[in-house]
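# Observations on the three-dimensional arrangement
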Amino acid sequence: MKQTFRQSMGWLHTWAGLWLGWVLVVIFMTGTLAVFAGPITHWMQPELMAHEREEAAELAARPPALSVGTRVATMDQAIREGRTWATMWWTIELDHVPGADRYYWWDSNRGDLYPNGQRRGALGALELLDQSTARKPVEDDHEHPDARDTAGGNFFITLHYSLTHDGANWGFYTVFIATIAFLVALVSGVVVHKKIFADFFTFRRGKGQRSWLDAHNAMAVMTLPFLLMIGWSGLDLLEKFGLPTPAYSIQQSQSEEQQSLFHTTGAAFVESTTLEPHTALAPLVMQVESHGLRVVGLRGGEINTASPVITVRAMPLDDTRFAAREFKFDGHSGAFLGEEPVTDAGVVRNVLHRLHEGQVSNFGISAELSYRWLLFISSALGTAMMAAGVVLFMVKRRKRSLNEFGRATPYVYRGIEALNVAAVVGLAIACISYLWLNRLLPMELPVGWDERHHVEQDGFLTIWIATLIHALLRKPMRAWVEQLATLSLLCLALPLVNQAVTGEMFVQYLIAGDWEAAGVELTAMVFGLLAAFAAHKVRARINAAPVERRRGKAQVSEQPQATVAEVAA
Amino acid sequence: MSGRTLTDKARHHWGIFARVLAAALGGYALTTLLSFLLLADRGRCGMSAMILAGIASFALGLAAFTSLALAMDRHHEQMLGRRKAPPRQKLIFRIVGWLLLALSLRASILGWGWSLGSAIWLGLLTLSAITLILLLGWRPRAARWTGIAALAAGIILSGVLP
């Protein structure tokens with residue numbers, strides 16, 4: 001037991017921070033990249049770029065959109081023609097992409113068979129409708145060039161919440177535990193940081209361990225609201241891994257017939273051919289819009305039962321909220337059944353999820369872009385903050401071992417040093433190499449190889465493991481320099497490899513007005529410059545004369561005892 | 001130390017404040033008036049309004065943090081080279097700092113609305129604070145001038161916001 005509360009919190013902060021710090025660096029770094037997963041996917045499919053530019057030009061030249069009622073009526077007709085009596089649900093999304101609406105349904109007469117003979121069902125159709133012409137967009141007739149098979153930026157998203165490329169359960173659980181440790185470390189860190197207000201703007205450079213502590217504290221305090229939000233909302237997004245019991249117990253307590261509903265609602269279906277199609281949708285839309293609301297989507301649910309329900313989702317015109325309001329109508333008669341009650345918990349949940357994922361597009365595309373850039377910068381600072389934390393752990397113990405592990409301490413320290421490099425710089429190298437692989441791998445892989453997008457992801461993992469092996473074989477400081485230099489080269493040369501393979505780089509992208517693709521390359525280059533700067537600093541530190549290193553040591557021991565106790569593990 | 005008494009120095013510094021404050025309010029009033037007269041689509045929530053709001057909020061945040069830092073001995077010495085600020089001056093720096101933070105929040109809300117504006121404000125404050133920390137670490141004497149420039153830019157741009 002530690003003597004004071006603050007010392008206990010310090011101990012907790014150090015060890016929760018260290019053991020889960022590497023996992024958290026992975027989560028934060030992939031999360032930073034996940035903010036711009038869309039642009040990254042766009043960059044990784046250069047074959048589609050010319051096509052998308054044409055589409056954007058056509059969109060600008062289109063006549064204004066038809067009324068919502070007209071468009072909904074057209075999609076309604078298409079859904080009826082799609083044999084809705086064989087579906088479980090259908091969905092209409094207005095403004096799905098700029099200039100287009102989307103509709104799709106679930107066809108329960110298709111798909112694989114379950115053991116009980118019911119069909120699982122499959123998407124019946126997924127169609128876009130041009131808002132100006134109320135027809136399928138003309139570009140559907142264009143020849144779509146085959147884009148290279150890649151997972152794109154979604155790979156980073158999946159890594160972010162499950163540490164795997166396919167959402168394995170063990171990954172979800174690990175991220176959940178790491179998130180709890182993150183919040184524990186955050187709160188304990190604030191408790192331990194006695195002079196949080198006095199040291200608000202403090203950063204003393206060139207002072208070794210003191211500077212690392214200042215950097216760690218400053219970056220944490222500056223992004224504190226963001227860190228609290230992202231940790232808390234992240235935990236809520238993973239709720240079913242933390243609190244699995246309620247859903248599980250409900251499922252277990254139901255009869256076998258009801259349980260089959262989780263897999264297919266076939267058992268509860270009325271015989272399909274006796275059903276009537278649903279009521280007209282346009283009047284429902286007009287009814288909702290007459291209350292000063294803007295309809296954003298419709299959904300037909302429980303279609304194959306005796307009482308289908310149509311839900312109309314709408315946003316207020318003069319205010320922007322985080323969630324749409326839902327109005328329910330009887331599927332046959334069109335009678336208004338009531339508004340879906342919104343619980344306070346539901347509102348909080350919705351806000352938290354959208355803040356976490358940057359889904360604020362109902363405020364406008366520019367607003368979402370502004371918010372996402374701030375998420376990106378804060379997240380990058382958070383990653384750097386945790387990297388500074390794990391580095392600080394070893395900087396302190398390089399000068400004087402604290403022997404926390406008895407005789408094994410030097411070996412544990414060596415392992416921690418290697419994991420530090422691999423988790424921070426090694427991971428970054430793997431991320432930029434993923435982009436390199438996207439360009440370097442041929443479009444068609446030789447027979448016998450795995451699918452191309454799997455090869456890209458396997459390459460990521462292989463390179464990451466290689467950086468860990470490198471970190472174990474080289475001395476710690478040398479490993480930092482070499483990996484930072486490699487990272488810098490890979491980031492700065494990304495446009496060059498792009499130019500060599502596709503004939504275009506950020507210059508051409510900017511000329512064409514493609515800010516997304518140019519942004520990916522320019523941001524990579526900025527990180528390359530930062531890595532080069534860091535490599536230079538570490539190399540200067542290695543080359544510093546032994547005399548100066550001893551002087552640095554003396555500076556540490558001159559510090560007042562209170563500070564050392566503060567930092568004490 | 002010259003022959004001036006403490007009261008003289010306080011009056012001198014307050015005089016500077018009064019002048020800066022008057023100039024800021026004057027600039028704000030002037031740009032508000034001009035924007036009413038000259039900008040036809042003032043008040044639309046387009047991209048340019050967001051950019052203005054973002055820069056204004058960031059600039060006011062930087063000015064606010066500079067002012068709050070000037071109330072701290074360590075940073076006062078870094079920025080102005082003098083040993084300590086007298087207590088009344090510290091109080092003025094703190095009041096001005098918090099006032100500027102409120103104005104920074106206002107600019108952000110004008111650009112993005114209440115809900116998203118509050119969230120974005122916190123993100124912009126991160127940028128302002130990091131900027132000041134970097135300035136204090138590498139160019140402390142320049143921090144005083146960036147503070148004044150940020151104050152001017154923030155106030156003037158706020159005048160153009162709806």
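In this text the structure is predicted, and so the values were computed from the model without any measurement.

### With respect to the overall build of chain A
For chain A, the helix and strand inventory stands at 21 helices and seven strands. A burial count over chain A gives 47% of its 569 residues as buried. Within chain A, residue pairs in contact and separated by at least 24 positions form 66% of the contacts whose partners lie at least 6 positions apart. Here chain A has roughly 28600 Å² of accessible surface; of this, 62% comes from carbon and sulfur atoms.

### Some points on the confidence of the model for chain A
Reading predicted coordinates in detail is not appropriate for stretches of low pLDDT. The predicted model of chain A averages 86 in pLDDT, with 87% of residues at 70 or higher. Below pLDDT 50 for its whole length, residues 260-271 of chain A participates in 23 contacts with residues either more than four positions away or in separate chains.

### Observations concerning a negative patch on the surface
A cluster of acidic side chains, namely A:Asp146, A:Asp149, A:Glu444, A:Asp450, A:Glu451 and A:Asp458, defines a negative patch on the protein surface. If you trace the backbone, A:Glu444 turns up in the loop between helix H15 (409-440) and helix H16 (452-473).

### What to know about the state of the cysteines
Residues and elements named next belong to chain A. A full pass over the atoms with the stated rule returns zero disulfides over all chains. Left unpaired, Cys 431 is separated from the closest cysteine sulfur, that of Cys 491, by 9.5 Å. The buried category is assigned to Cys 431, whose relative accessible area is 6%.

### Some remarks on the pattern of salt bridges
Close approach of charged atoms allows side chains with opposite charge to pair. All names here are of chain A. A full pass over the atoms with the stated rule returns 18 salt bridges over all chains. For the salt bridge of Arg 313 with Glu 326, the shortest nitrogen-to-oxygen distance reads 3.5 Å. Of this pair, Arg 313 sits in strand E5 (residues 309-316) while Glu 326 sits in strand E6 (residues 325-330), and the two are 13 residues apart along the sequence. Owing to a relative accessible area of 26%, Glu 326 belongs among the partly exposed residues under this scheme. Of the charged contacts, one joins Lys 328 and Glu 340 as a salt bridge, the two residues approaching to 3.3 Å between their closest N and O atoms. Placement of Lys 328 in strand E6 and of Glu 340 in the loop between strand E7 (336-339) and helix H13 (344-357) is noted, with a sequence separation of 12 residues between them. Under the relative-accessibility criterion, Glu 340 is labelled partly exposed at 30%. Where salt bridges share partners, they join Arg 204, Arg 210 and Asp 214 into one cluster.

### Comments concerning the interface of chain A and chain B
Listed as interface residues are 25 residues of chain A and, on the opposing side, 25 residues of chain B. Note on chain A versus chain B: buried area summed over both sides is about 2200 Å², and carbon and sulfur give 76% of it. The largest share of the area that chain A buries against chain B comes from A:Phe201, A:Met222 and A:Leu374, three residues that together contribute 32% of it. Taken together, chain A and chain B are joined by one salt bridge. Between A:Asp199 and B:Arg74 there is a salt bridge, with the nearest N and O atoms lying 3.4 Å from each other. Counting across the interface, chain A meets chain B through four residue pairs in polar contact (both at pLDDT 80 or more).

### Quick look at the pairing of strand E2 (residues 100-107) of chain A
Residue and element names in this part refer to chain A. The buried fraction of E2 is high, at eight of eight residues. In E2, alternate side chains face the same way, and those of Ala 100, Arg 102, Tyr 104 and Trp 106 on one face and Asp 101, Tyr 103, Trp 105 and Asp 107 on the other are all buried. Both E2 and strand E3 (residues 122-130) contribute to a ladder of eight bridges, which runs antiparallel. Opposite Asp 101, over in E3, you have Leu 129 as the bridge partner.

### Quick look at a nonpolar patch on the surface
Residue and element names in this part refer to chain A. A contiguous nonpolar patch, built from Leu 461, Ile 465, Ile 469 and Leu 473 and spanning about 400 Å² of accessible area, is present on the exposed surface. With respect to the helices, strands and loops of the structure, Ile 465 is situated in helix H16. By relative accessible area, Ile 465 is classed as partly exposed at 44%.

### Re the confidence of the model for chain B
Residues and elements named next belong to chain B. When pLDDT is averaged across chain B, the result is 83; 80% of the residues are at 70 or more. No element of chain B has a lower mean pLDDT than helix H1 (residues 6-38), which averages 69, and none a higher one than helix H5 (residues 114-138), which averages 95. What the predictor reports for the complex is a pTM of 0.84 with an ipTM of 0.81.

Cut-offs and rules
- Along each chain, numbering runs from 1 in the same order as the chain's sequence is written.
- Note on labels: chains are lettered from A, ligands numbered from 1, in written order.
- Reporting in this predicted model follows two pLDDT cut-offs: at least 70 for local features of residues, and 80 or more for side-chain atom pairs to be given and counted; totals over whole chains, interfaces and linings ignore these cut-offs and use all residues.
- For the side-chain quantities, the full set of heavy atoms in the structure was used; hydrogens and water were omitted.
- We count a stretch as a helix when DSSP gives it H or I for four or more residues in a row; a strand needs E for two or more, and each element gets its number in order from the N terminus.
- Here the term buried applies to any residue with accessible area under 20% of the maximum for its type, exposed to any over 50%, and partly exposed to those in between, with areas from a 1.4 Å probe on protein chains only.
- Any two residues whose heavy atoms approach within 4.5 Å are treated as being in contact.
- Here the open area of atoms and residues is found with the Shrake-Rupley method and a 1.4 Å probe, where only the protein chains shown may cover a residue.
- Within a predicted model, pLDDT stands for the predictor's per-residue confidence, ranging from 0 to 100.
- Patch criteria: residues need more than 30% relative accessible area and no salt bridge. Like-charged residues are merged within 9 Å; nonpolar side chains of Val, Leu, Ile, Met, Phe, Trp and Tyr are merged within 5 Å.
- One speaks of a salt bridge when a side-chain nitrogen belonging to Lys or Arg is within 4 Å of a carboxyl oxygen belonging to Asp or Glu.
- Think of it this way: Lys and Arg go in the positive column, Asp and Glu in the negative one, and His and the chain ends go nowhere.
- By convention, the point assigned to a charge is CZ for Arg, NZ for Lys, CD for Glu and CG for Asp.
- We call a pair of cysteine sulfur atoms a disulfide whenever their separation is within 2.5 Å.
- Buried area is calculated as the accessible area (1.4 Å probe) missing from two parts once they are joined, with the contributions of both summed.
- Polar contact criterion, stated in full: a pair of N or O atoms within 3.5 Å, where within protein one must be able to donate a hydrogen and the other to accept it, and residues adjacent in sequence count only if both atoms are side-chain atoms.
- Paired strands, as defined in this entry, are two strands with at least two bridges between them according to DSSP.

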